[in-house]
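Reading the structure
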Amino acid sequence: MDETFILNELKSLILSKTGIRTITPADCKRISIEISKTLNKNVSETTIKRLFGFAMVKHNFSKFTLTTLSEYVNEEHLEQGSPNKGLNIQNSPRTWKEIHEKAIKVSEYTVKAIKNRSGIPYEMTISRKFSEHDFELFFKSDYSFTSYISQPGYGKSILLTHLAEKLISNERNIFSDSSLLFITTSSLFNGEKGLVNFEEQLKFHLGIPAKDSLIAQAAQNYDTTGGKLIIFIDGFSDHEFEKDLKKQLFESITNFLCTIENCKAIKLVLSMRSTTWIRFYNEIRHSAYLKSKWFPGSYFNVAEISNVPPLTEKEVDQILSKINSKEHPEIGPNLKDQLKFPFHIQLYHQLKKEDPNFNYSTNITFYELIFKFIQNQIYRSNYYTEKILFLKKIILLTDFGRNGSSILKDDLIGDLLAFKNAYIELLSDGILMEEKSNEDFHPKEYVKFIHPHIFEYFLFIEILEKFDLKVDGSYFDFIQKEYKSEQIRFQLLQWTIRFIIRIGDFKSLALLFELDLNNYEKNYLILFVAENLHYRCKNNPDTNRLLHEHKFHEAIVKELISFDFIDSFYRDAINVLIEITEDEETLMVYHAILSIFDVFSLNTDLIKKRTNILYSFDSKKWPVHPQKINQLILDRINGKTDNKIAMQELIKACSESYSGVYSIQQTVSLILIIVLGFFYKYNDADVKNIRSLYNHTALESQPRSQLAIFLVSLLALANLIQGNNTRIFQFGNILSLLGKDKMRFGVTKYTEATTKLINAQLNFLEKEYAVSYQYYLDCLQIFKRNKLNLHCTYIYSTIIEIFKKMNDHTRANEFKYDMLCFIEDNNISGKFNNWERNNDIN
């Protein structure tokens, strides 16, 4: 037998036995030691390195080396490369039971080999329900063959392995009397003769003499027991075929299928990439008989040439629960969609191995997966230089994405000749695809990126190079202008953020927030920036120092004045920002903002914990110490004696300490003072001082009109809770006017919800109880969703009052019960006065 073939088989079996998925030079020493321990024979580390191509081979391997390695793997599969002329007929199976046992042995070896090279530990993979269902339909049908077809990375080999395990298990099912032969295409060749006749090779694997008929034996067994011979063939993409050799293989398989004719005893299952299937289908498309014997499956997609669907959401959750030993945290919808592509599960597992705590709220994981995929499939592949140049050419032909993400193949004719090998691999590896379209009865062929995210990445790279790798104002203006109304603009901004942070160009981050961004985009991008910085800080300790030098936190604090308590991105961003700064003044600002969330939750444990944290900071730059305000609120929630004098002193101190210079500390202090009014009733002096503070802040924050509107809504809510109906009407009119131009003023979701709450109360005062109830109910759902329990308890008490006014005591009691359950479920202090009593406070 040809030595090259033997060496390839040896390498495969050694990796299978040692459980090594991807061998490195360091593994060679381990293999050498294992051989020495097992056989008490020495094969040097250098010899193993030569075997696997890590060292130069100056001469053929000695017989001793080959014999020792053969003894180590101790597998008869070394001799399965081609039928031996000297095959001992006496040792060949004579009964189907012996053939069945032989098939099981070969199949178990193939299963073991695939398990060992699985991208993630095999026990973390799952069986696909669709494949089981499709295979059962195929098994019961009159079809002779089927194929699992998809782009690379959809887990076809693992899919077949799970099916194989079910077929060779001892469980009683419809397959119990059938036999499975699971092989790969590499076993259909030998080094001397190349391709071996397909049926002859199957007989060799099953130990059936060359003179006997495989089909006849299978048919006889089927007539006797009803059992079928099922043949799985995998690895069409693993074997390096020459074009003519692949054509011979396809012809040999189609000849075998024609020989089967209407025999129900044999079922052939193939596993192919879409590009391989196209070539195979070209061999059978002119045969009506062969096409009638093909089972396409339930999910065959003609456009994508695939019948293997992406993972379902439930399947993704199953795999994540296996990867994450603890209860896995909720992941974003974009990342979950990405993980429906099984190859990205492998990349996700790699990220989790590198950093077990890798878990972020935004798409940072999504972008890291895309980048790893591009690294593996393009930058670390054959012809990578040609591939990159070819993909850049496609981006230019799309006019930087202005003409979509696909181009006419005719426009690439010249490049296809220059980059032929690169183009073939890009198609084969699932980066690009060809699709045909009939326009005006003229067939046209297009080339496009299969995954839009890869197109977005290379579009970003091309734009970056257009601006000489400088992320400046003109770069951002280009993206803002050219992609203003397109979703791709937001993706390009995220790729840009990732690039800026990787190279440490933190000055450019400030330019990002000068763009015209809505509240969602701004809050999301702040969180995306924070999470990327947090991720980089783990691997680069200098990141914190660079952030301090570039005054990053001073710049980002200015972007936090939206105070959108309904947007979870806003709160999450501050929590992450806390982890990437050690500056005490900055930390105090972040914790003071989060203390407002704590107060709105009415969770005394959270408020107490945050109050203690704030107490540890120096408050020289603050009008009043946030800790003092939080302590007053905590006392009130815990049912302690009303301390209005302390509240009035804080309001007065805050008003008198105003320096005439706008600051974030002043603004947060004012917000906390207003929130204090949710628990203590203002007198006229308090109102005067707060109005003065508001006027100064609103004036200084102009053109920050978003902040001014937010403060109006918060003041309106404080007066609403205090039961000051006169002021509610005044604020209601102001908010109604401002609300008509929400886009202009950048009104946040929280301000919108608060305005709706004011309108609900205005309708209540005008005795429009049904309208008021509906408004309040809508607000209740919004505030519940965002854990703003203070707002929820007020709404509950008002809805109860509405039904009392309507003399509907049954509904009033229902909401009383709901409110009690809500208070209990959210651990709200039982000593906290309800809002009806609070309104009576003098």
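Residues numbered from 1 in each chain as written. Predicted model: local features only at pLDDT ≥ 70, side-chain atom pairs only at ≥ 80, totals over all residues. Heavy atoms only, no water.

On average, residues of the protein chain carry a pLDDT of 84, and 87% of them reach 70 or more. This model gives residues 75–90 a pLDDT under 50, and the stretch forms 43 contacts once residues within four places in sequence are excluded. (pLDDT = per-residue confidence, 0-100. Contact = heavy atoms within 4.5 Å.)

Among the secondary structure elements, D234 is positioned in strand β5 (residues 229–234). The exposure class assigned to D234 is buried, which follows from its relative accessible area of 3%. Of the polar contacts made by the side chain of D234, one reaches the side chain of S271; its length is 3.2 Å. In contact with D234, other than residues within four places in its own chain, are I114, R117, S157, L160, F182, I183, T184, T185 and S271. (Helix = DSSP H or I, 4+ residues; strand = E, 2+ residues; numbered from the N terminus. Buried < 20%, exposed > 50% of the residue type's maximum accessible area, 1.4 Å probe, protein only. Polar contact = N/O pair within 3.5 Å; in protein donor to acceptor, adjacent residues only side chain to side chain.)

Our next topic: the packing of helix α37 (residues 749–765) against helix α38 (residues 769–785). In contact at an axis separation of 8 Å, α37 and α38 are set at 155° when each is read in the N-to-C sense. In terms of orientation, α37 lies roughly antiparallel with respect to α38. The chirality of how α37 crosses α38 is left-handed. Every residue of α38 that contacts α37 at Y750, A753, T754, K756, L757, N759, A760, Q761, N763 and F764 is listed here: Y769, V771, S772, Y775, Y776, D778, C779, I782 and F783. (Axes fitted to C-alpha atoms, helices over the stretch in contact; angles between N-to-C directions. Parallel < 35°, antiparallel > 145°, perpendicular 65-115°, else oblique. Left-handed = near helix turned anticlockwise from the far one by under 90°.)

Over its 16 residues, helix α22 (residues 488–503) runs 23 Å from end to end, which matches the ideal 22 Å to within 8%, given 1.5 Å per residue. Burial of α22 is extensive: 14 of the 16 residues sit out of reach of the surface. One or two positions beyond α22, positive phi appears at G504, with a value near 75°. (Expected span 1.5 Å × (residues − 1).)

So, about the environment of K436. Among the structural elements, K436 can be located in strand β9 (residues 432–439). In sequence terms K436 and A303 are 133 residues apart; their C-alpha atoms lie 8.7 Å from each other. In contact with K436, not counting residues within four places along its chain, are K444 and E445.

The next thing to look at is the sheet that holds strand β1 (residues 145–150). Read from one edge to the other, the open sheet built from five strands follows the order β2-β5-β6-β1-β7, with strand pairing classed as parallel. Edge positions in the open sheet fall to β2 (179–184) and β7 (294–295), since each of these has one partner strand only. Pairing geometry for β2 and β5, over six bridges, is parallel. When the sheet's bridge partners are listed, T184 is paired in β5 with D234. Sheet strands in contact with helix α5 (residues 96–116) are β2 and β5, and its direction is about 40° off that of β2. (Pairing = 2+ DSSP bridges.)

Structurally, the position occupied by N42 is in the loop between α2 (25–39) and α3 (45–51). When its relative accessible area of 56% is taken as the criterion, N42 is described as exposed.

Looking now at the packing of aromatic side chains. Under the criterion given, the structure shown has 62 aromatic pairs. Taken together, a centroid distance of 5.4 Å and an interplanar angle of 70° make the contact between F343 and F373 edge-to-face. Here F343 is found in helix α15 (residues 342–354), whereas its partner F373 is found in helix α16 (residues 364–379), with 30 residues between them in sequence. For F343, a relative accessible area of 15% puts it in the buried group. Look at Y773 and F815: their rings are 6.1 Å apart centre to centre, the planes differ by 85°, and that puts the pair in the edge-to-face class. Taken together, the residues span a long stretch of sequence, with Y773 in helix α38 and F815 in helix α40 (residues 809–825) at a distance of 42 residues. Judged by its relative accessible area of 16%, Y773 is buried. For F815, a relative accessible area of 7% puts it in the buried group. We note K228 situated over the ring of F139; from NZ or CZ to the ring centre the distance is 4.5 Å. Sitting over the ring of F371, R498 keeps its end group 4.3 Å from the ring centre. (Phe/Tyr/Trp six-rings, centres within 6.5 Å; stacked < 30°, edge-to-face > 60°. Lys NZ or Arg CZ within 6 Å of the ring centre and 35° of its normal.)

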